[in-house]
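Residues per chain, in single letters:
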Amino acid sequence: MATFDAGVHVEAFVNMEKGLKTVYAVPATDEWSIMSSGDRIEFGSIGSITVGSVRRYGSLEDLCQAESWQNLVPEADDEDTAITLIRGIAEWDSAAETKRGVIAVRVRQVKRKI
C-alpha cells in the first residue's frame, strides 16, 4: 500500500467523515496515476482516507456526470458550482486536467488523527 499526501481542506475532510463526500478528485498527474485500491491519502495532521476504487475521467465535467457532483462537492448547489469550487482550489493543476484528465477516488474509510 502506498501513501499519498494531499492538501488540507477541512470542510472536505469533515464531509468525508460524515459520509456526504464519497468521491475525492485530483488531476491525473504521474504521482496520482499510480494510486490503487487500498492505498491511503494523508490530509496533513487532520487524518487520512483509505482508497476504495480509482477511476479516470477526461475532465471534471465527465467525472460529475458519472459519479454525481453531490458525491464530490456535497455543499455545492449545482454541478457548475461544484466544478468551480474544485478548480478554485490553489493546488488544482488545470493544465494537468486538460492534458490527462482527472482521477476519481472512492472513499472507503476515513480516519481522523486529531
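I will try to describe carefully the structure that is included in this document. Owing to the predicted nature of the structure, the values given are computational and were not obtained by experimental measurement.

Describing the overall build of the protein chain
Each helix and strand counted, the protein chain has six helices and five strands in total. The N-to-C order of helical and strand elements in the protein chain reads β-α-β-α-β-β-α-α-α-α-β. The C-alpha atoms of the protein chain give a radius of gyration of 13 Å, which matches the 13 Å a tight globule of 114 residues would have. Out of the 114 residues belonging to the protein chain, those deemed buried represent 42%. A separation threshold of at least 6 residues defines the contact pool for the protein chain, and within that pool the share at least 24 residues apart is 74%. For the protein chain, the accessible area works out to roughly 6000 Å², and carbon and sulfur atoms hold 48% of it.

Side note on the packing of aromatic side chains
Counted under the stated rule, the structure contains three aromatic pairs. Geometrically, the ring pair formed by phenylalanine 4 and tryptophan 32 is stacked, given 5.5 Å between the ring centres and 20° between the ring planes. Of this pair, phenylalanine 4 sits in strand β1 (residues 3-5) while tryptophan 32 sits in helix α2 (residues 30-33); the two residues are 28 residues apart in sequence, bridging distant segments of the chain. Residue class for tryptophan 32 comes out buried when judged on its relative accessible area of 8%. Through successive ring pairs, a cluster of aromatic residues spans Phe13, Tyr24 and Phe43.

A closer look at unusual backbone geometry
For residues besides glycine, phi is generally negative; the peptide bonds are generally trans as well. Positive phi, close to 80°, is recorded for serine 68, a residue that is not glycine. Tracing the backbone through its elements, the reader meets serine 68 in the loop between α3 (60-67) and α4 (69-72). Using a relative accessible area of 24% as the deciding quantity, one classes serine 68 as partly exposed.

Let's talk about the environment of lysine 99
As for its position among the elements, lysine 99 is in helix α6 (residues 94-100). Separated by 70 residues in the primary sequence, lysine 99 and threonine 29 have C-alpha atoms spaced 9.3 Å apart.

Examining helix α5 (residues 79-87)
When α5 is considered as a whole, its buried residues turn out to be Ala82, Ile83 and Ile86. Down the axis of α5, the buried set is contained in an arc of 95°. They therefore lie on one face. Facing away from the buried surface of α5 by more than 90 degrees, the exposed residues are Asp80 and Thr84. Next to the buried residues of α5 lie α3 and α4. Put simply, aspartate 78 is the residue that caps the front of α5, since its side-chain oxygen is 3.3 Å from the backbone nitrogen of aspartate 80.

Scoring rules and cut-offs
- Residues numbered from 1 in each chain as written.
- Predicted model: local features only at pLDDT ≥ 70, side-chain atom pairs only at ≥ 80, totals over all residues.
- Heavy atoms only, no water.
- Helix = DSSP H or I, 4+ residues; strand = E, 2+ residues; numbered from the N terminus.
- Rg over C-alpha atoms; globule rule 2.2 N^0.38 Å.
- Buried < 20%, exposed > 50% of the residue type's maximum accessible area, 1.4 Å probe, protein only.
- Contact = heavy atoms within 4.5 Å.
- Areas by Shrake-Rupley, 256 points an atom, 1.4 Å probe, with all protein chains shown as cover.
- Phe/Tyr/Trp six-rings, centres within 6.5 Å; stacked < 30°, edge-to-face > 60°.
- Arc of directions from axis to C-beta.
- Polar contact = N/O pair within 3.5 Å; in protein donor to acceptor, adjacent residues only side chain to side chain.

Shape is all these values report; function is a separate question.
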